[in-house]
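Structure assessment
The residues making up each chain are set out below.
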Amino acid sequence: MAMGTRDGEQSPLWVVTADLPKAPSHPFYTRLNALLDAYDFDRFVEKKCRRFYASAMGRPSLTPGRYFRLLLLSYFEGIDSERGIEWRATDSLAVRSFLGLAVPDAPPDHSTISRTRRLIDVETHRTVFTWVQQRLVDAGLLHGQTIAIDATTLEANAAMRSIVRRDTGESYQAFLTRLAQTSGIETPTRDDLARLDRKRKKKTSNTDWTNPFDPDAKVTKMKDGRTHLAHKAEHAVDVETGAVVAVTVQGADQGDTTTIVETMTAAATQIEAAQEKVDDPQPLEEVVADKGYHSNQTMVDLAEVEIRSYIAEPDRGRRDWSNAPEAQAPVYGNRRRIRGARGRRLMRRRGETVERSFAHVYGTGGMRRTHLRGHTNILKRILIHVSGFNLGLIMRQLIGVGTPRGLQGRSAVAIAALLVLISAAQRRLAAICAPHRLITAMRGQITLSTTFVVNSSTMATYTTGC
């Protein structure tokens, strides 16, 4: 057969969509869409977002159901930017099926996603977050009796070199130049400025410095030791199930004893809203946290609202209660509880559940570095990111995995186990057929051949003759 050559190709003028090749839908996204459709997700979000759209006909918009699916896609695929979401929606036929895009439909542009995010307020995003929590309650995956609280830092979309002085408005470079000239160096070089910067004791303070493009970003020390502009994300997680009850975004320069107030308030509100249709709702009763959240005022506040605390206590030596007598009983009660068997068990569960949510939402979920500015914009993305994490808990109960990548791993394990069973059956069949080889030679040979495609590039064939 002669080898053909490639000529110039011209696209046809008309294409019959029924003749186009069909790609198999992703089983995870197919089951997730079935879950969302079973509870009328699209109708729910369209009702909540109706006031943000014009009543008269105008420019074609991004429907609310597709917008929130795009943000869920960013969690499940680990995409950090809206440009990446657009590219993924263009590249994958399975994702297009999840988004409900027909063959001639173009995926939404990243600017459309950004404009829709700015259009819909943060309370509507929180309403979607509550809707997912109600599905958790229906599935028995959210109790709300005991929650664990912890925080992590997110790298801001702002550079340290762009910070300016709050009093004078000068940049960091201009500030160092002025210090060098004050010290006697009239025309300082870059080496002179770097040497002066190393010798200076207090380099940057949020009291003196700010970023003009993102005032919410604060100078802080990251987990890897770098000093960077960052935000603080705080989670409240159900200790029994691992579901995220509440999430807040606050300044990275604020201490844990300050931010716990807002997170506890949000957690109590979310637990009540999630159990709105439950006959006998379970109120918030216990909170578990590490030693960074321990203070006299925190113990007093929790005791006043009748919430039992299991907060690790730092070693402060012998305490003098003459200045704060009202905190003595709550502190001693918390100390007695954390030393018990239940307290130690809850401490272990706190580390497991909270750190798992951080790893999924910000690690594999792609939100460790934000591409947005302002706490409001970041909170919108994180609320839907965490909603994807909670939906993953429901999917794990339904099909055994909570992410599309987890399903890929499960299929490989299932195929490997199936091949092992086939090999064992073949050995058993060979042992049975051994005495009948002469008869087989006379009557012909029966061949059993089985082929399994493990990957797109790997094919395994097992043949047994009897």
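A brief report on the enclosed structure follows. (Residues numbered from 1 in each chain as written. Predicted model: local features only at pLDDT ≥ 70, side-chain atom pairs only at ≥ 80, totals over all residues. Heavy atoms only, no water.)

In terms of regular secondary structure, the protein chain is built from 16 helices and 10 strands. In the protein chain, buried positions account for 44% of the 466 residues. Intrachain contacts of the protein chain at a sequence separation of at least 6 include 69% that bridge at least 24 residues. Entry remark: accessible area of the protein chain is about 26100 Å², with carbon and sulfur atoms responsible for 52%. (Helix = DSSP H or I, 4+ residues; strand = E, 2+ residues; numbered from the N terminus. Buried < 20%, exposed > 50% of the residue type's maximum accessible area, 1.4 Å probe, protein only. Contact = heavy atoms within 4.5 Å. Areas by Shrake-Rupley, 256 points an atom, 1.4 Å probe, with all protein chains shown as cover.)

Right, let's talk about the side chain of D150 for a bit. Position of D150 relative to the elements: it lies in strand β1 (residues 146-155). At 3.2 Å, the side chain of D150 and the side chain of R350 are in polar contact. When sequence neighbours within four positions are dropped, the list of residues in contact with D150 reads A233, E234, H235, D290, Y293, R350, V354, E355 and F358. (Polar contact = N/O pair within 3.5 Å; in protein donor to acceptor, adjacent residues only side chain to side chain.)

On to the pattern of salt bridges. Scanning the entire structure with this criterion turns up 20 salt bridges. In this structure, D91 and R88 form a salt bridge, with 3.5 Å as the shortest nitrogen-oxygen distance. Taken as a pair, D91 and R88 lie in helix α4 (residues 82-91) at a separation of three residues, close to a single helical turn. Residue D91 is classed as partly exposed on the basis of its relative accessible area, which comes to 46%. On the basis of relative accessibility, which here comes to 22%, the residue R88 falls in the partly exposed class. Here E313 makes a salt bridge to R335, at a shortest N to O gap of 2.9 Å. Pair noted here: E313 is in the loop between β8 (308-311) and α12 (328-338) and R335 is in helix α12, with a separation of 22 residues, a long-range link. According to the relative accessible area criterion, E313 is buried, its value standing at 19%. (Salt bridge = Lys/Arg side-chain N within 4 Å of Asp/Glu carboxyl O.)

All right, on to α12 then. For α12, the full list of buried residues reads P330, V331, G333, N334 and I338. The buried residues of α12 occupy an angular sector of 165 degrees when projected down its axis, which confines them to one face. Seen from the open side of α12, the exposed residues pointing more than 90 degrees away from its buried face are A329 and R336. Where α12 is buried, its residues touch α11 (296-304), β8 and α13 (341-364). (Arc of directions from axis to C-beta.)

A few words on the packing of aromatic side chains. What the rule picks out here adds up to 14 aromatic pairs. Look at F41 and W131: their rings are 5.1 Å apart centre to centre, the planes differ by 55 degrees, and that puts the pair in the tilted class. Residue F41 is located in helix α2 (residues 41-49), and its partner W131 is located in helix α7 (residues 122-138); the two are separated by 90 residues in the primary sequence. Residue W131 is classed as buried on the basis of its relative accessible area, which comes to 6%. (Phe/Tyr/Trp six-rings, centres within 6.5 Å; stacked < 30°, edge-to-face > 60°.)

As a further point, take the nonpolar core. In terms of nonpolar packing, the biggest core is built from 92 residues, with L32, I147, M264, Y362 and I382 touching the most fellow members. Each residue touching I147, except ones within four places of it in the same chain, is listed here: A236, V237, V239, V245, M264, A267, I271, L284, E286, V287 and V288. Y172, W209, A217 and L229 belong to the second largest nonpolar core, which has 12 residues in total. (Core = buried A, V, L, I, M, F, W, Y, C linked by side-chain atoms within 4.5 Å.)

Next up on the list: the environment of A106. Structurally, A106 is set in the loop between α5 (93-99) and α6 (110-119). Spatially, the C-alpha atoms of A106 and A89 are 9.1 Å apart, while their sequence positions differ by 17 residues.

The geometry of a pair of packed helices is captured by two quantities: the angle between their axes and the separation between those axes. For the pair α4 and α6, interaxial distance at closest approach is 8 Å and the crossing angle is 125 degrees. Viewed along their axes, α4 and α6 adopt a mutual orientation that is oblique. Viewed along their axes, α4 and α6 form a crossing whose handedness is right-handed. On α6, the residues that touch E82, R83, I85 and E86 of α4 are H110, I113, S114 and R117. When the residues that make up the contact of α4 with α6 are grouped by side-chain class, the tally is two nonpolar, two polar and four charged. (Axes fitted to C-alpha atoms, helices over the stretch in contact; angles between N-to-C directions. Parallel < 35°, antiparallel > 145°, perpendicular 65-115°, else oblique. Left-handed = near helix turned anticlockwise from the far one by under 90°. Nonpolar A, V, L, I, M, F, W, Y, C, P; charged D, E, K, R; others polar.)

Here strand β7 (residues 286-289) shows no split at all, with E286 and V288 on one side and V287 and A289 on the other all buried. Examined bridge by bridge, β7 and β8 share four bridges and lie parallel to one another. When the bridges of β8 are listed, A289 appears paired with I311. (Pairing = 2+ DSSP bridges.)

Tracing the backbone through its elements, the reader meets H375 in helix α14 (residues 375-399). Sequence-distant contacts of H375, defined by excluding residues within four places in its chain, comprise D216, H231, V249, Q250 and G251.

This part takes up the packing of helix α8 (residues 172-182) against helix α9 (residues 190-199). Interhelical geometry of α8 versus α9 gives an angle of 90 degrees and a closest axis separation of 10 Å. On the basis of their axis angle, the class for α8 and α9 is roughly perpendicular. Here Y172, Q173, L176, T177, L179 and A180 of α8 come into contact with α9, specifically with L193, L196 and D197. The residue makeup of the contact of α8 with α9, split by class, is six nonpolar, two polar and one charged.

For the rest of this paragraph, the subject is the environment of I260. Residue position: I260 is located in helix α10 (residues 256-274). Sequence separation between I260 and A151 is 109 residues, and the spatial gap between their C-alpha atoms is 9.4 Å. Excluding residues within four positions of it along the chain, I260 makes contact with I149, E234, Y293 and T298.

We now examine unusual backbone geometry. The phi angle at D40 is positive, at roughly 55 degrees, despite the residue not being glycine. Relative to the helices and strands, D40 is located in the loop between α1 (27-38) and α2. The exposure class assigned to D40 is partly exposed, which follows from its relative accessible area of 39%. Its identity as a non-glycine residue notwithstanding, E306 has a phi of 60 degrees, on the positive side. Mapped onto the secondary structure, E306 falls in the loop between α11 and β8. When its relative accessible area of 71% is taken as the criterion, E306 is described as exposed.

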